[in-house]
Amino acid sequence: MVDMYEKLGSTTKNLEMTDILAGFLKKVDNNLISDCVKLVLGRVFPLWSDQVVGVASSLMVKSLKKSTGLSEEDILIYWKDTGDLGLTAEKAVSKKTQKTLSSQKLSVEKVIENIRKVSSFEGAGTVEKKTDLIAELIASSSPEEAKYITRTVLGVLRMGVGAGIMRDAVAQAFEVDSDFVERAYYLSSDFGEVGKIACEGGEEELKKFNIRIERPIMVMLAQKAEDLEEGFSKVGKPAAIELKYDGMRVQIHKNKEEIYVFTRRLENVTKQFPEIVSATKKYVKCEQCVLEGEAVGYGPKGEHIPFQKISRRIKRKYGIEEMAKQIPIETKVFDIIFLDGKETMSLPFAKRRELLEEIVEQKKRSIVLTEQLITSDLEEAEKFYEKGLKQGEEGIMMKNLEAEYKPGSRVGYMVKLKPEIDPVDLVIVGSEWGEGKRANWLSSFLLACYDKVNDKFLTIGKMATGLTDKQFEEITERLKPLIISEKGRKVTVKPETVVEIGYQEIQKSPTYESKFALRFPRLIRIRDDKKPEEADSLEKIKEIHGG
Ligand code: AMP
């Protein structure tokens, strides 16, 4: 496995990576395919699983100390030098003073077994047990193996193998059509399982793969349109136009009395949203189905409440009923993927909507269908859009009436349209060194606005997306000379670099000094033309926030 990892790490070309991976998969034992595929993707559990390994860097350091006999000090120095615990582990094992008791060679089974066991421990008193399990792996590792195991345990392996490369590698290794691989992956949310099916059953079995109730699928995503005309040109005329609600996308699986609710990121949130469960039980008239909708919070007068508020309910473990009373939600259903034993994805959207109308008994403040208008008329569409915005919705979705449902893809069967928000100019005041392949780059950037009154920069959010590899490199080079202090991976930089930042929303937040936070900040460009004091001010941020 390590040879393959090293080869993968030595190239950034997709085709070469696919070849390396396919060659490796061909040689793997059938019963190990599923685990090997997951490992390459940096996981020990499938994507749909809620299980996490849950090992912090400090525990990893303890395991390295225990398995190598080196002092914690030495390990921390290696860590500071490399900025990457994977490389630290590699170095520590190559210098280890402790001879391994068992000279047992490390197997994929053992690695998976121990890491999974680690994740099964919870709460106080488990640190020792976790440390031992990881130390056991490191003790029988070569330096390279230790590097990859450490990154896997910490969830930062990043071999540069995305879903596209894995799809092509599985197709190539087992001589099956990559479209079937992709489809099975989107429906199973488990590349390990898909690899195993392709290996053992070939194309015949892959083709048969269907949705399973209780297993979340990867949902169809929307493209963006700049205006209504572009929207119509993408989805055709007439189009279904729906209000775009600012809520949480939910996938509801119903199997008679059993109901499961998943988020767009495949998290199982059934327990957190009892009202979605009861509404589905009561008002969805079928034996089995998979529905998609937006869960929208509402206030005392029935007004819609922004997503930010209901998002607090996602991670809740206790006091759920109480939260459900405080921030009740209504489910706005907009699609159906499976109905009574049959997938409905290949039906045209208009037909799917008809099915929804048949099976969902609409009940206000519980479960309804999304508000929809079918039109070819630009003016009519415009009125609908304006009405939505006035009502406080986010915008509209335009949908192709003839199109099938395509899981996992951002095809243009559904496009979103929302008003543009002007970007803000902010200053970078801090950053963090990356991990894995990004160890030499600064990877996340702390942004600040300018407090004119006190002549201070106040933090307002962290940005880690919207950058190409080249930009990461460029910004790292710029910021390096500006570093004032370092602590662990975190650095403070002199406030000099102004960046133009796009975002979805400004929210109030206790996390940052400005008491505001940007939702989904992304880099648009570096503003070399601006001095830090010319960045947007706290007053401006307050004004945009509107309260
Ligand atoms: P975005 O998150 O900006 O890519 O917009 C797409 C998201 O809008 C979907 O994933 C849904 O969560 C949400 N949404 C809100 N209303 C609708 C609707 N009527 N149809 C489809 N998606 C909707």
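A brief report on the enclosed structure follows. Starting afresh in each chain, residues are numbered from 1 along the sequence in its written order. With pLDDT at 70 or above as the cut-off, local features in this predicted model cover only qualifying residues; side-chain atom pairs require 80 or more to be listed or tallied, and sums for whole chains, interfaces and linings still use all residues. Calculation of side-chain values draws on the structure's entire complement of heavy atoms; hydrogens and water are dropped beforehand.

1. Considerations on the site of the ligand
Moving on, step 1. Near residues are defined by distance, with any heavy atom within 4 Å of the molecule or strand qualifying the residue. Every one of the 13 residues lining the ligand counts as a neighbour, but Glu-242, Arg-249, Glu-294, Lys-399 and Lys-416 are closest to it.
Moving on, step 2. Distance and chemistry together define a polar contact, namely a pair of N or O atoms within 3.5 Å, with one atom able to donate a hydrogen and the other to accept it when in protein, and with adjacent residues in sequence counting only for side-chain atoms on both sides. A distance of 2.4 Å separates an oxygen atom of the ligand from a polar side-chain atom of Lys-416.
Moving on, step 3. Within the side chain of Lys-418, one N or O atom sits 3.2 Å away from an oxygen atom of the ligand.
Moving on, step 4. For the accessible areas, the method is Shrake-Rupley and the probe is 1.4 Å, while residue cover comes only from the protein chains on display. Across the complex, the protein chains shield 92% of the 500 Å² of accessible surface that the ligand would expose by itself.
Moving on, step 5. Only DSSP runs of H or I with at least four residues qualify as helices, and only runs of E with at least two residues qualify as strands; both kinds are numbered from the N terminus onward. Sorting the residues of the shell around the ligand by element identifies strand S2 (239-244) and strand S11 (395-400) as the ones contributing at least two each.
Moving on, step 6. When residues in the shell around the ligand are grouped by element, the largest group, three residues, is from S2.
Moving on, step 7. Among the residues forming the shell around the ligand, the class breakdown is four nonpolar, one polar and eight charged. Put simply, Ala, Val, Leu, Ile, Met, Phe, Trp, Tyr, Cys and Pro go in the nonpolar bin, Asp, Glu, Lys and Arg in the charged bin, and everything else, Gly too, in the polar bin.

2. Considering the packing of helix H5 (residues 72-82) against helix H6 (residues 85-94)
Moving on, step 1. Angles here are taken between N-to-C directions and fall from 0 to 180 degrees, while the axes themselves are lines fitted to C-alpha atoms, restricted in helices to the stretch in contact. At a closest axis distance of 8 Å, the pairing of H5 and H6 adopts a crossing angle of 130 degrees. As judged from the angle between their axes, H5 and H6 are oblique. At the point where H5 passes H6, the crossing takes the right-handed sense. The residues of H6 that touch H5, namely those facing Ile-75, Tyr-78, Trp-79, Asp-81 and Thr-82, are Leu-85, Leu-87, Thr-88, Lys-91 and Ala-92. Should an angle fall under 35 degrees it is taken as roughly parallel, and over 145 as roughly antiparallel, whereas 65 to 115 is taken as roughly perpendicular and any remaining angle as oblique. In a left-handed crossing the near helix is turned counterclockwise from the far helix by less than a right angle, and in a right-handed crossing that turn is clockwise. For this analysis, residues touch if any pair of their heavy atoms sits within 4.5 Å.

3. Some thoughts on the sheet that holds S2
Moving on, step 1. Strand pairing is defined by DSSP finding a minimum of two bridges between the two strands. Taking strand neighbours across the sheet as the criterion, the five strands line up as S1-S12-S11-S2-S10 in an open arrangement whose pairing is mixed. If you trace the sheet from one side to the other, it starts and ends with strand S1 (223-224) and strand S10 (372-375), each paired once.
Moving on, step 2. Where S2 lies against S11, six bridges are found, and the strand directions are antiparallel. Its bridge partner lying in S11, Ala-239 is registered against Asn-400.
Moving on, step 3. On the sheet, helix H13 (residues 228-235) packs against S1, S2, S10, S11 and strand S12 (414-417) and is oriented at approximately 25 degrees with respect to S11.
Moving on, step 4. Across the sheet, helix H18 (residues 378-390) is in contact with S2, S10, S11 and S12; its angle to S10 comes to roughly 165 degrees.

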